[in-house]
Amino acid sequence: MKSSPIVAVLAVVAALLLPAAPAAAHTSLRGSDPAENAQVAVLSKMTLEFTESVRFPAVVLTGPDGERYENGKPRVEGRKVIQDVGPAQALPSGTFTIAYRVVSKDGHPVEGEIPFTYAPVDTPKAGSAEPSTAQPALAQAAAPSENPAGKTGDDDRQIPAWIWVVVFGIAGIGIGMAFSMRKKP
Ligand SMILES: [Cu+2]
């Protein structure tokens, strides 16, 4: 008779807690590469890591132009879902959005969106700067043959022209003054 109220209370508490238990078993996104709101310079694949192993992944990558840039189908490696990205040449810079949907162990679908920014680095600038510092001998040897047709050749010709005009002008005036000074006495 005394224990019945306690049992009733326990039954109520258990009833309140049990619905929460399956929800806690839901898997969730642990992290991603690219990360949410991150800025990346290289974008060849996406990795989504969940708190437990997942099944039936679907990943869509939407670009700033509204086009889709996921390439092929996603693959599951344990807790990770890996999705390749379309050809790097075709990727526009700007804000992308990863939309994912997976099925967790308890059978419930889990989905979400991850926005990030793709800002590729200009490779031509870095490429032209490396040879001049890494291979100075080749750069110097190639310089004379490039000068006649190159832009630097025009600059090299203009600067000496100014210098020679000034030098000969001053020298001519100086010589003329020197002769005139000597003839007067
Ligand atoms: Cu669930």
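Residues numbered from 1 in each chain as written. Predicted model: local features only at pLDDT ≥ 70, side-chain atom pairs only at ≥ 80, totals over all residues. Heavy atoms only, no water.

Asks: Just checking my understanding: could you explain the side chain of T47 for this structure?
Replies: As for its placement among the helices and strands, T47 is situated in strand β3 (residues 45-50). In this structure, T47 is in contact with G31, S32, D33, K80, V81 and I82, ignoring residues within four places of it in sequence. (Helix = DSSP H or I, 4+ residues; strand = E, 2+ residues; numbered from the N terminus. Contact = heavy atoms within 4.5 Å.)

Asks: Honestly, the sheet that holds strand β4 (residues 55-62) in this entry has me stumped. Any pointers?
Replies: Consider a sheet: its strands pair through backbone hydrogen bonds, and that pairing is either parallel or antiparallel. The sheet built from four strands is open, its strands ordered β2-β8-β7-β4 with mixed pairing. With one partner strand each, in any of the chains shown, β2 (39-40) and β4 form the two edges of the open sheet. Taken together, the two bridges between β2 and strand β8 (residues 109-118) define a ladder with parallel strand orientation. In the sheet register, V40 faces β8, and the bridge partner there is Y118. (Pairing = 2+ DSSP bridges.)

Asks: Sorry if this is basic, but what is going on with the coordination of the copper ion here?
Replies: The reference angle at a metal is 109.5 degrees if four donors form a tetrahedron and 90 or 180 degrees if six donors form an octahedron. Coordination of the copper ion by the protein is provided by H26 (ND1), D106 (OD) and H108 (ND1), with metal-donor distances spanning 1.9 to 2.0 Å. Along the chain, the residues donating to the copper ion are arranged with the sequence spacing H-x79-D-x1-H. We classify D106 as partly exposed; its relative accessible area is 30%. (Donors = N, O, S within 2.8 Å, 3.2 Å for Na, K, Ca; no water. Buried < 20%, exposed > 50% of the residue type's maximum accessible area, 1.4 Å probe, protein only.)

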